[in-house]
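The primary structure of each chain is shown beneath.
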Amino acid sequence: MNANSASASPPAPALDLEPAARRVAGLLAAIDDDRLADPTPCPDYAARELLGHLAGLAAAFRDAARKDLGASTALSPDASLPVLGDDWREVLPRRLEEVAAAWRSPAAWTGLTRAGGVELPGEVAGAVALNELVVHGWDLARATGQPYEAGEAELRSCAALLAPAGDDTGGTGDTSNASGTGGADSAGLFGPAVPVPDDAPLLDRVIGLSGRRPDWRPGS
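Residues numbered from 1 in each chain as written. Predicted model: local features only at pLDDT ≥ 70, side-chain atom pairs only at ≥ 80, totals over all residues. Heavy atoms only, no water.

1. Remarks on the overall build of the protein
Test applied: Only DSSP runs of H or I covering at least 4 residues are called helices, and only runs of E covering at least 2 are called strands; the numbering of each starts at the N terminus. Only protein chains enter the accessibility calculation, which uses a 1.4 Å probe; a residue is then buried when its area is under 20% of its type maximum, exposed when over 50%, and partly exposed in between. Any pair of residues with heavy atoms lying within 4.5 Å of one another is described as a contacting pair. Shrake-Rupley sampling with a 1.4 Å probe provides the accessible areas, and residues are treated as covered by the protein chains on show and by no other component.
Looking only at helices and strands, the protein has nine helices and two strands in total. When the 220 residues of the protein are sorted by exposure, 45% land in the buried category. Considering only contacts within the protein whose residues lie at least 6 apart along the sequence, 67% involve residues at least 24 apart. Surface accessibility of the protein: about 10500 Å² in total, with carbon and sulfur atoms responsible for 52%.

2. Some remarks on helix α6 (residues 122-143)
Residue pairs spaced three or four apart in an α-helix point in one direction, given the helix's 3.6 residues per turn. Note the threshold: The span one expects for a helix is its residue count, reduced by one, times 1.5 Å.
Here α6 is 22 residues long and its end C-alpha atoms lie 31 Å apart, about the 32 Å a rise of 1.5 Å per residue gives. With 20 of 22 residues buried, α6 is to be regarded as a mostly interior element. Looking one or two residues beyond α6, the residue adopting positive phi is Gly145, at roughly 70°.

3. A word on the packing of helix α2 (residues 18-27) against α6
Applicable threshold: Axis lines are fitted to C-alpha atoms, over the contacting stretch for helices. Their N-to-C directions set the angle, which ranges from 0 to 180 degrees. Reported orientations rely on four angle classes, namely roughly parallel under 35 degrees, roughly antiparallel over 145, roughly perpendicular from 65 to 115, and oblique for the rest. Note on convention: the crossing is left-handed when the near helix lies turned anticlockwise from the far helix by less than a right angle, right-handed when the turn is clockwise. Asp, Glu, Lys and Arg are counted as charged, while Ala, Val, Leu, Ile, Met, Phe, Trp, Tyr, Cys and Pro are counted as nonpolar; the rest, among them Gly, fall into the polar class.
For the pair α2 and α6, the least separation of the axes is 9 Å and the interaxial angle reads 25°. The angle between α2 and α6 falls in the class roughly parallel. Seen along the crossing, α2 lies across α6 with a hand that is left-handed. Taken together, the residues of α6 that come into contact with α2 (itself represented by Ala20, Ala21, Arg23, Val24 and Leu27) are Leu130, Leu133, Val134, Gly137, Leu140 and Ala141. For the contact of α2 with α6, a count of residues per class yields nine nonpolar, one polar and one charged.

4. Examining the pairing of strand β2 (residues 118-121)
The following threshold applies: Two strands are counted as paired when DSSP detects at least two bridges linking them.
One ladder, built from four bridges, connects strand β1 (residues 112-115) with β2; its direction is antiparallel. Note on β2: the bridge partner recorded for Arg114 is Glu119.

5. A word on the pairing of β1
Only one face of β1 is covered, namely the one carrying Thr113 and Ala115; the face carrying Leu112 and Arg114 has none of its residues buried. From the end of β1 to the start of β2, which pair antiparallel, there are two residues, and Gly116 there has a positive phi angle of about 60°.

6. Observations concerning the pattern of salt bridges
We apply this condition: Take a side-chain nitrogen of Lys or Arg and a carboxyl oxygen of Asp or Glu: if they are within 4 Å of each other, that pair is a salt bridge.
Overall, the coordinates contain 11 salt bridges when judged by the stated rule. Two residues, Arg23 and Glu154, come together in a salt bridge whose shortest N-O distance is 2.8 Å. With Arg23 in helix α2 and Glu154 in helix α7 (residues 152-162), this residue pair connects regions lying 131 residues apart in the sequence. Glu98 is the salt-bridge partner of Arg62, the closest N and O atoms lying 2.7 Å from each other. A residue pair is termed long-range when its members are at least 10 positions apart, and Arg62 in helix α3 (residues 47-66) and Glu98 in helix α5 (residues 88-102) qualify at 36 residues. For Arg62, a relative accessible area of 15% translates into the label buried. Overall, the relative accessible area of 23% leaves Glu98 in the partly exposed class. One connected set of salt bridges, linked through shared partners, spans Arg62, Asp63, Arg94 and Glu98.

7. Remarks on the nonpolar core
Test applied: To define a nonpolar core, start from buried Ala, Val, Leu, Ile, Met, Phe, Trp, Tyr and Cys residues and group those joined through side-chain atoms within 4.5 Å.
Formed by 55 residues in total, the largest nonpolar core has its most connected members in Leu51, Phe61, Trp103, Leu133, Leu140 and Val206. Broken down by secondary-structure element, the contributors of at least two residues to this core are α2, α3, α5, α6, α7 and α9 (202-209). In terms of residue count, α6 provides more of this core than any other element does, 11 residues in total. Ignoring any residue separated from it by four or fewer positions in sequence, one finds Leu51 in contact with Leu28, Ile31, Leu36, Leu84, Trp88, Leu92 and Leu140.

8. Some thoughts on the packing of aromatic side chains
Keep this limit in mind: Centres within 6.5 Å are what make two rings of Phe, Tyr or Trp a pair, Trp counting through its six-membered ring; a difference in plane orientation under 30 degrees is then read as stacked, over 60 as edge-to-face, and the rest as tilted.
For the coordinates displayed, the defined rule picks out one aromatic pair. Ring geometry for Trp103 and Trp109: centres 5.0 Å apart, planes at 70°, overall edge-to-face.

9. Quick look at the environment of Gly117
Among the secondary structure elements, Gly117 is positioned in the loop between β1 and β2. Counting along the chain gives 41 residues from Gly117 to Ser76, while the straight-line C-alpha distance between them is 5.5 Å.

Below, the structure written as structure tokens:
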């Protein structure tokens, strides 16, 4: 490879989805079938629908990374309640592995792609995919009574994505923008932000920006 071709290669991905995908997969073994009707921080989803949503978004963002724009990337997540297949214990871990692997390709972060029926730049789609895994991982952990943590780089990317338009800090007190997607409308991704103290842990601030109460518990 000569110097010119090397300089034209896509840059390495700025974000790694594998830790977030692995965390979600690590929650699954503790979820018994009799917990599938349990409530979650997503008002319209029981645990069953949340797991179905995770399976669907993993497939959609896997295909978005590959620029394989078909049925999986065309369907709006609001079209209907997700349906959880009987084989979800095998399917969901595999899809989580696949979506993480797909976004390890530098090419995934370039050009245009589609997810949820929306065309968007690859770098934005990758940041949205990470945000979905981080926030819905928290949803699943909180719904099933399991501990949950996320890495600082992941959380800063999520905060930058969820920050209201015009807020370059993403509520982190840092003007860096890990995802390059600042100014996303948080109400368009999840729900209106819930106020959280500025000195709260970064995870709590991200959860607040996503429209959830960080102190949510089943029955609360």
